Every structure is written in structure tokens, then in C-alpha cells.
Amino acid sequence: RGVFMDVKQLKKQDLYEKNTILMIIYGLAAYLGAIAQFILDRPVGLSISLFAPATVSLLFFIAQRKVEILRPYFSFFVVAMATLTVYGAIISYKVTLATIILSVFVLIFGSIHNQYAVIISGYIGSVLGITFNFLLDKEGLAVDPSNVIVTTTLMAVALYLMVRQNKKMVTSIEQLMENAH
């Protein structure tokens with residue numbers, strides 16, 4: 001029983017730390033991106049499209065630090081906000097290489113927590129972001145949607161298999177710990 005409680009505590013701490021990593025990565029990307037767009041004298045809406053979802057995510061991050069029941073939902077929230085960031089950046093400015101890369105970045109956000117549901121939501125958000133890029137492109141930058149979606153899907157499969165292997169490893173370690181006591 002003591003080992004089970006220790007494993008439970010380890011999982012809670014792991015979630016806490018993964019949420020912190022996710023906020024740091026998303027926060028840095030969004031806030032530095034917003035500052036860069038401002039410095040590059042891009043439309044103010046572009047900076048806001050980066051800054052606003054990150055700030056809402058930061059508020060959720062602070063809330064989940066204080067209210068433990070919110071922690072499991074934070075990763076899904078950030079994936080949604082990052083997808084919204086892609087859409088906002090396109091609407092407020094235009095399709096760029098950065099908006100296409102941001103779409104793939106959503107998939108990476110989904111992989112951080114090593115959970116099937118989160119990586120699937122990251123994949124969905126990524127494909128939505130890519131779709132926004134191709135549907136809203138007015139300058140011909142996004143010219144080959146099928147290759148981009150196939151490549152994103154292959155990356156998602158690789159990340160999904162990594163998550164699957166990590167889950168197997170954690171389950172094996174838990175089993176060894178329970179058997180040791």
C-alpha cells in the first residue's frame with residue numbers, strides 16, 4: 001500500500017512538472033513571438049494573437065497550481081490555445097512559414113505529457129492549424145497540403161509510438177515496485 005501511494009505521488013509530481021514544462025515552452029514561444037512581431041512592426045493584431053492565448057494559458061496555469069483538479073486538463077487547454085494562436089496569427093496577418101511551423105509545434109505540445117488523449121488532441125490541433133494555413137493562404141505559400149499532412153501524420157505516429165513505449169515502461173516499473181513489497 002505504501003508503494004502504491006508513492007507511485008500515486010510520483011504521478012502527481014510528474015503531471016505538475018510536465019505542466020510547468022509545457023507552460024515554459026508555450027509561454028516563451030508565444031511571448032517572444034509577440035515581442036518579435038511588435039519589433040518587426042507587424043500589425044498589432046498579430047502580436048495580440050500570440051500574446052492573448054498565452055496570457056489566458058498562463059492564468060489557467062496559475063489556477064491549476066492552486067486547484068489540483070484542474071491539472072489534468074491543462075495540457076488540453078494549451079493545445080487548444082496554441083491552435084487558436086495559429087488561427088489568430090493567420091487572420092490578423094497572413095499565412096507564413098511561421099504559421100505552418102506553429103501548426104506542427106501544436107503536435108509537439110501534445111506529446112509532452114506522454115498520454116494518448118493529449119497526443120491525439122495535439123494531432124487534431126496540428127491538422128486544424130495546417131488546414132487553416134491551406135484554406136486561408138492568399139499568397140500561394142502553402143502549396144502542397146497532402147505532403148504536409150502526410151509528414152505531420154508520420155510525426156504523430158512516431159510520437160504516439162514513443163508515448164506508447166513510455167507508458168509500457170512506466171507500467172513495468174510500477175509493477176516491479178508493487179512486486180518488491
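Below is a short write-up of the structure. Note on numbering: residues in each chain are counted from 1, in written sequence order. Local features in this predicted model are restricted to residues whose pLDDT is 70 or higher, and side-chain atom pairs enter the listing and the counts only when it is 80 or higher, whereas totals over whole chains, interfaces and linings include all residues. With hydrogens and water stripped out, all remaining heavy atoms of the structure feed into the side-chain values.

**Description of the pattern of salt bridges**
In the sections that follow, a salt bridge refers to a side-chain nitrogen of Lys or Arg positioned within 4 Å of a carboxyl oxygen of Asp or Glu. What the rule picks out here adds up to four salt bridges. In this structure, D14 and K18 form a salt bridge, with 2.8 Å as the shortest nitrogen-oxygen distance. A residue pair is termed a helical-turn pair when its members lie 3 or 4 positions apart in one helix, as D14 and K18 do in helix 1 (residues 2-39) at four residues. With a shortest N-O distance of 3.5 Å, E139 and K94 are connected by a salt bridge. One end of the pair, E139, is in the loop between helix 5 (116-136) and helix 6 (145-180); the other, K94, is in the loop between helix 3 (71-92) and helix 4 (97-111), with 45 residues separating them in the sequence. With a 1.4 Å probe rolled over the protein chains alone, any residue whose accessible area is under 20% of its type maximum counts as buried; one over 50% counts as exposed, and the rest are partly exposed. When its relative accessible area of 55% is taken as the criterion, E139 is described as exposed. K94 gets classed as partly exposed once you look at its relative accessible area, which sits at 29%. The helix count covers DSSP runs of H or I at least four residues long, the strand count covers runs of E at least two residues long, and both are numbered beginning at the N terminus.

**Describing helix 2 (residues 44-66)**
One less than the number of residues in a helix, times 1.5 Å, gives the span that helix is expected to have. Taking 1.5 Å of rise per residue, 23 residues should cover 33 Å, and helix 2 covers 33 Å from first to last C-alpha, within 8% of that figure. Among all positions in helix 2, only L46, S47, S49, L50, P53, A54, S57, F60, F61 and Q64 are buried.

**Considerations on the nonpolar core**
Among the buried residues, those of types Ala, Val, Leu, Ile, Met, Phe, Trp, Tyr and Cys that are joined through side-chain atoms within 4.5 Å form a nonpolar core. Counting 22 residues, the largest nonpolar core has L22, Y26, F74, V78 and F109 as the members making the most contacts within it. The set of elements that each furnish at least two residues to this core consists of helix 1, helix 2, helix 3, helix 4 and helix 5. Residue contributions to this core peak at seven residues, all from helix 3. Counting residues in hydrophobic clusters, the runner-up holds five residues, among them L107, A156, L159 and V163.

**Focus: the side chain of S121**
Within the fold, S121 resides in helix 5. Note on S121: relative accessible area 17%, which makes it buried.

**Details of the packing of aromatic side chains**
Only the six-membered ring of Trp is used, alongside the rings of Phe and Tyr, when aromatic pairs are assigned; centres must lie within 6.5 Å, and planes under 30 degrees apart are stacked while those over 60 apart are edge-to-face, with the rest tilted. Inspection of the entire model under this criterion finds eight aromatic pairs. Taken together, the ring pairs in this structure connect F60, F61, F74 and F77 into an aromatic cluster.

**Comments concerning the packing of helix 3 against helix 5**
Each axis is a line fitted through C-alpha atoms, taken for helices only over the stretch in contact, and angles between the N-to-C directions span 0 to 180 degrees. At a minimum axis distance of 9 Å, the contact between helix 3 and helix 5 shows a crossing angle of 5°. The orientation of helix 3 relative to helix 5 falls into the category roughly parallel. Contacts between helix 3 and helix 5 involve S75, F76, V79, T83, V86, Y87, I90 and I91 on the former and, on the latter, A117, V118, S121, G122, G125, L128, G129, F132, N133 and L136. Residues belonging to the contact of helix 3 with helix 5 are distributed by class as follows: eleven nonpolar, seven polar and no charged. Note on angle classes: values under 35 degrees are labelled roughly parallel, values over 145 roughly antiparallel, values of 65 to 115 roughly perpendicular, and the remainder oblique. In this description, contact between two residues means that some pair of their heavy atoms is separated by no more than 4.5 Å. We call Asp, Glu, Lys and Arg charged. Ala, Val, Leu, Ile, Met, Phe, Trp, Tyr, Cys and Pro are nonpolar, and the rest, Gly among them, are polar.

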